[in-house]
Amino acid sequence: MEFSGDVDIRASREKVWAFLTDPHQVTQCAPGLKSVEVVDESHFNCVVRAGIGMIKGDFNFTIEWTKMDAPGHATMVANGKIPGSAVAMTSTMDLVATDDGAATAMHWASDVRISGTIAGVGARLMGGVADRMTKDIFSCIKSKLEATE
């Protein structure tokens, strides 16, 4: 499944970059987050409670920033597993400052591959769940960044 979108945030590009690339900050907006462990500046691990319908579990995710061109572009790869199911995701973000520098336009894209029991049972529900989660995540990011600007 491929997802993409654009989000305008009333905060400087540097502030948006710092928030989105800091595992402790950005994961505040991850639904179902149970824990975060920073391994180094480009690797971290998370445990996230997720699922579709009645099939839920604690996914153990490994996340790696594979490309970081501050403060404009980043690529992240995440892999998560629970017994019988797996998620693999590659995401990119591009940040462009507005003319006055007080706001940032973010373009993001994610390619998500789900396999196993969750994919088989929840295929019909995935689009709606992913859409709702994406809106919730970006609403949270905007509110946290714009609250202190």
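None of the values given here were measured: they were computed from a predicted structure.

About the thresholds
- Residues numbered from 1 in each chain as written.
- Predicted model: local features only at pLDDT ≥ 70, side-chain atom pairs only at ≥ 80, totals over all residues.
- Heavy atoms only, no water.
- Helix = DSSP H or I, 4+ residues; strand = E, 2+ residues; numbered from the N terminus.
- Rg over C-alpha atoms; globule rule 2.2 N^0.38 Å.
- Buried < 20%, exposed > 50% of the residue type's maximum accessible area, 1.4 Å probe, protein only.
- Contact = heavy atoms within 4.5 Å.
- Areas by Shrake-Rupley, 256 points an atom, 1.4 Å probe, with all protein chains shown as cover.
- Lys, Arg positive; Asp, Glu negative; His and termini not counted.
- Charge placed at Lys NZ, Arg CZ, Asp CG, Glu CD.
- Pairing = 2+ DSSP bridges.
- Arc of directions from axis to C-beta.
- Salt bridge = Lys/Arg side-chain N within 4 Å of Asp/Glu carboxyl O.
- 1 Å grid on protein atoms, 1.4 Å probe; cavity = no way out; pocket = protein on both sides within 12 Å on 5 of 7 lines; lining within 4 Å.
- Points joined across faces, edges and corners; volume = space filled by probe spheres on them.
- Core = buried A, V, L, I, M, F, W, Y, C linked by side-chain atoms within 4.5 Å.
- Disulfide = S-S within 2.5 Å.

Engineer: I'd love a proper account of the overall build of the protein chain, names of residues and values included.
Structural biologist: A tally of regular secondary structure across the protein chain gives four helices and seven strands. In terms of overall size, the protein chain behaves like a compact globule, its C-alpha atoms giving a radius of gyration of 15 Å where 149 residues would be expected to give roughly 15 Å. With respect to the three principal axes, the spread of C-alpha positions in the protein chain is 50 × 30 × 25 Å. Counting across all 149 residues of the protein chain, residues that qualify as buried make up 38%. For the protein chain, contacts bridging at least 24 residues in sequence account for 47% of all contacts bridging at least 6. When the accessible surface of the protein chain is summed, it comes to about 8,200 Å², and 55% of that surface belongs to carbon and sulfur atoms. In the protein chain, 14 side chains carry a positive charge and 19 a negative one; their mean positions are 10 Å apart.

Engineer: Could you give me a rundown of the pairing of strand 4 (residues 55-69), with the residues and numbers involved?
Structural biologist: Sheet faces and side chains relate simply in a regular strand, where the side chains alternate between the two faces. In the sheet, strand 4 pairs with strand 5 (residues 73-82) via nine bridges, with the strands oriented antiparallel. Of the residues in strand 5, the one forming a bridge with T62 is N79. The turn joining strand 4 and strand 5, which pair antiparallel and follow one another in sequence, is formed by three residues.

Engineer: Before we move on, can you summarise helix 1 (residues 13-20) with the specific residues and values?
Structural biologist: Taken as a whole, helix 1 has its buried residues at V16, W17, F19 and L20. Down the axis of helix 1, the buried side of the element spans an arc of 165°, and every buried residue falls inside it.

Engineer: Could you give an account of the pattern of salt bridges, with specific residues and numbers?
Structural biologist: The tally for this structure, following the rule as stated, stands at six salt bridges. Of the charged contacts in the structure, one is a salt bridge between R10 and E146, with a shortest N-O distance of 3.2 Å. Of this pair, R10 sits in the loop between strand 1 (2-9) and helix 1 while E146 sits in helix 4 (residues 126-147), and the two are 136 residues apart along the sequence. Here R10 falls in the exposed class, since its relative accessible area comes to 54%.

Engineer: I'd like a description of empty space enclosed by the protein, backed by residues and values.
Structural biologist: Scanning the entire structure with this criterion turns up one cavity of 30 Å³ or more. Space inside the largest cavity adds up to approximately 1,200 Å³. Around the largest cavity, the lining comprises 43 residues; the ones closest to its centre are M76, M89, S91, M133 and I137. Every element with two or more residues in the lining of the largest cavity is listed here: strand 3 (43-52), strand 4, strand 5, strand 6 (85-97), strand 7 (104-116) and helix 4.

Engineer: Describe the pairing of strand 7, naming the residues involved and giving the relevant values.
Structural biologist: Where strand 1 lies against strand 7, eight bridges are found, and the strand directions are antiparallel. Counted as the bridge partner of D8 is A105 from strand 7. Counted along the chain from strand 6 to the antiparallel partner strand 7, the turn is six residues long, and its residue G101 has a positive phi close to 80°.

Engineer: Explain the side chain of S85 to me, and be specific about the residues and the numbers.
Structural biologist: Examined against the element boundaries, S85 turns out to sit in strand 6. Among residues more than four places away in sequence, those in contact with S85 are G80, S115, G116, T117 and I118.

Engineer: Run through the nonpolar core, naming residues and quoting values.
Structural biologist: Formed by 31 residues in total, the largest nonpolar core has its most connected members in I9, L20, F61, M106 and I141. For this core, the elements supplying multiple residues, two or more each, are strand 1, helix 1, strand 3, strand 4, strand 5, strand 6, strand 7 and helix 4. With residues up to four places along the chain from it excluded, the contact list for I9 reads V16, A103, T104, M106, I141, K142, L145 and E146.

Engineer: Residues and numbers for the state of the cysteines, please.
Structural biologist: The final tally for this structure, using the stated rule, is one disulfide. Between C46, a free cysteine, and C29, which holds the nearest cysteine sulfur, the sulfur-to-sulfur gap is 13 Å. Relative accessible area serves as the criterion here: at 6%, C46 is assigned to the buried category.

Geometric descriptors of this kind do not, in isolation, establish any biological role.
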